[in-house]
Amino acid sequence: MAADRAMSDVLARARHVVVFTGAGVSAESGIPTFRDALAGLWERFDAEQLATPEAFRRDPDLVWGWYEWRRMLVMRAQPNAAHRAIAELEGRVDRFTLVTQNVDDLHDRAGSRAPLRLHGSLFAPRCFECDEPAPLAPGIPQEPESGRRLAPPSCGRCGAKVRPGVVWFGEALPEAAIARAFEAAESCDVLLSVGTSSLVHPAAQVPWIAKRAGARVIQVNPNPTALDEIADLNLRTPAATALPTLVASFGLD
Ligand code: BV8
Ligand code: ZN
């Protein structure tokens with residue numbers, strides 16, 4: 001369903017746009033979405049079992065192996081047309097805020113200047129005990145030998161195990177990032193939600209805050225999600241197809 005005349009006018013006149021992304025925006029780069037990042041080797045786990053501090057305490061090699069496998073996939077992947085369109089949108093409107101739940105670096109590599117990262121990054125490992133940032137091993141991680149377990153490195157400062165720099169279930173989000181994301185949602189004209197199942201909180205509140213503050217909400221997702229009930233426009237299309245056309249409609253006024 002293309003944008004109708006009224007919506008096209010809204011996009012043409014939009015002054016402050018927030019783009020809110022989830023794993024679906026990286027799907028066409030070959031990165032499994034969060035729900036299917038547990039295909040294959042990890043299929044007998046539920047993401048919420050592996051993406052927790054308890055899982056890391058219980059089996060650090062399994063959790064570290066899972067994240068190094070995901071980092072390897074990301075390093076072998078390229079940004080897709082959706083990442084590039086979102087980077088282009090930044091230059092088409094007066095004020096632009098990119099809020100991402102993703103832990104890959106594809107938005108940055110596509111040219112987005114300052115994504116607000118609500119759930120951290122695969123590229124910022126740190127000490128599990130003292131939070132000391134840890135260096136990334138050079139190059140692309142090899143497929144973990146056993147295809148599964150990989151022993152995490154030790155902290156250079158205290159010797160404890162190094163953990164992925166992501167926000168796990170049960171962990172608080174970075175305060176500055178979530179505060180700035182909520183502030184942007186409260187003051188934007190249009191919120192564009194791309195490739196997220198909108199299930200995980202508090203990140204999933206971002207589109208709802210924008211809606212309550214009077215923004216138009218556009219969703220790009222081939223499947224139904226919790227956001228369907230408030231989306232002013234629902235594009236049931238893969239992101240790499242929908243975004244280039246949609247972005248071309250912004251900032252024409
Ligand atoms: C916290 C980083 C408190 C790690 C992630 C009950 C009710 C409400 C909340 C809770 C509850 N029980 C527990 C909670 C809290 C919990 C939560 O929300 N749980 C959910 C499951 C109910 N939240 C937390 O624990 C958060 N912390 O609350 O802390 C606190 C406060 C103070 C002090 C201490 C503690 C922390 C949550 C962060 C977890 N970390 N990621 C990692 O990556 O491994 S979450 C992870 O899953 C993602 O980052 C993302 O946020 C989330 C959902 O993933 P999506 O990105 O949406 O991907 P998904 O696979 O789900 O969907 C992909 C979508 O793409 C699909 O809709 C699909 O249709 C679409 N798609 C596919 N292909 C395409 C496409 N779209 C477009 N184009 C395509 N081609
Ligand atoms: Zn340490």
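Higher on the page you've got the structure.
Since the model is a prediction, treat every value here as computed from it, not as a measurement.

(A) Region of the structure containing the environment of Trp69. As for its position among the elements, Trp69 is in helix α5 (residues 60-76). Along the primary structure Trp69 and Thr33 are separated by 36 residues, whereas in three dimensions their C-alpha atoms are 14 Å apart.

(B) Up close: the coordination of the zinc ion (ligand 2). Donor atoms from the polypeptide that bind the zinc ion (ligand 2) are Cys127 (SG), Cys130 (SG), Cys155 (SG) and Cys158 (SG), placed at 2.2 to 2.3 Å. Every donor counted, the 4 donor atoms about the zinc ion (ligand 2) form angles of 101 to 121° at the centre, which fits tetrahedral coordination. In primary sequence terms, the donor set of the zinc ion (ligand 2) follows C-x2-C-x24-C-x2-C. Taken as a pair, Cys127 in strand β4 (residues 120-127) and Cys155 in the loop between β4 and β5 (162-166) lie far apart in primary sequence, 28 residues in all. The pair formed by Cys127 and Cys155 is uniform in burial state, with each residue classed as buried.

(C) Structural view of unusual backbone geometry. Between His201 and the following residue, Pro202, the backbone shows a cis peptide bond with an omega angle of 0°. With respect to the secondary-structure elements, Pro202 resides in the loop between β6 (190-194) and α9 (205-212). Phi at Asp131 takes a positive value of approximately 65°, unusual for a residue other than glycine. When you line up the elements, Asp131 lands in the loop between β4 and β5. We note that Ser198 has phi near 55°; this positive angle belongs to a residue other than glycine. Among the structural elements, Ser198 can be located in the loop between β6 and α9. Since its relative accessible area comes to 7%, Ser198 is described here as buried.

(D) Up close: the nonpolar core. Ranked by size, the top nonpolar core spans 27 residues in total, and within it Val19, Leu89, Leu192, Ile218, Val220, Leu243 and Phe250 carry the most contacts. For this core, the secondary structure elements donating two or more residues are α1 (5-13), β1 (16-21), α6 (81-89), β2 (95-100), β6, β7 (216-220), β8 (233-235) and α10 (239-248). Broken down by element, the residue count for this core peaks at 5 residues, all from α10. Excluding anything up to four places from it in sequence, Leu243 contacts Ala82, Ala85, Ile86, Leu192, Val194 and Val220. Residues Leu116, Leu118, Ile178 and Leu191 belong to the second largest nonpolar core, which totals 21 residues.

(E) Expanded view of the site of ligand 1. Inspection of the region around ligand 1 gives 33 residues, with Tyr67, Gly170, Ser197, Asn221 and Asn223 positioned closest. In the model, a nitrogen atom of ligand 1 is placed 2.8 Å from a nitrogen or oxygen of the Val167 main chain. Protein burial of ligand 1: of its 1500 Å² of free accessible surface, 73% is covered by the chains. Judged by its atoms lying within 2 Å of the grid points, ligand 1 is housed in the largest pocket. Those elements that provide at least two residues to the shell around ligand 1 are α2 (24-27) and α5. Here the residues of the shell around ligand 1 are counted per class, giving 16 nonpolar, 12 polar and 5 charged. Summarising the domain contributions, the shell around ligand 1 has at least three residues from each of domain 1 (1-29 + 79-119 + 173-253) and domain 2 (32-76 + 126-163).

Criteria and thresholds
Residues numbered from 1 in each chain as written. Chains lettered and ligands numbered in written order. Predicted model: local features only at pLDDT ≥ 70, side-chain atom pairs only at ≥ 80, totals over all residues. Heavy atoms only, no water. Helix = DSSP H or I, 4+ residues; strand = E, 2+ residues; numbered from the N terminus. Donors = N, O, S within 2.8 Å, 3.2 Å for Na, K, Ca; no water. Tetrahedral: all angles 85-135°; square planar, octahedral: opposite > 155°, others 65-115°. Buried < 20%, exposed > 50% of the residue type's maximum accessible area, 1.4 Å probe, protein only. Core = buried A, V, L, I, M, F, W, Y, C linked by side-chain atoms within 4.5 Å. Contact = heavy atoms within 4.5 Å. Near = heavy atom within 4 Å. Polar contact = N/O pair within 3.5 Å; in protein donor to acceptor, adjacent residues only side chain to side chain. Areas by Shrake-Rupley, 256 points an atom, 1.4 Å probe, with all protein chains shown as cover. 1 Å grid on protein atoms, 1.4 Å probe; cavity = no way out; pocket = protein on both sides within 12 Å on 5 of 7 lines; lining within 4 Å. Sits in = over half its atoms within 2 Å of the grid points. Nonpolar A, V, L, I, M, F, W, Y, C, P; charged D, E, K, R; others polar. Domains from an automatic or database assignment.

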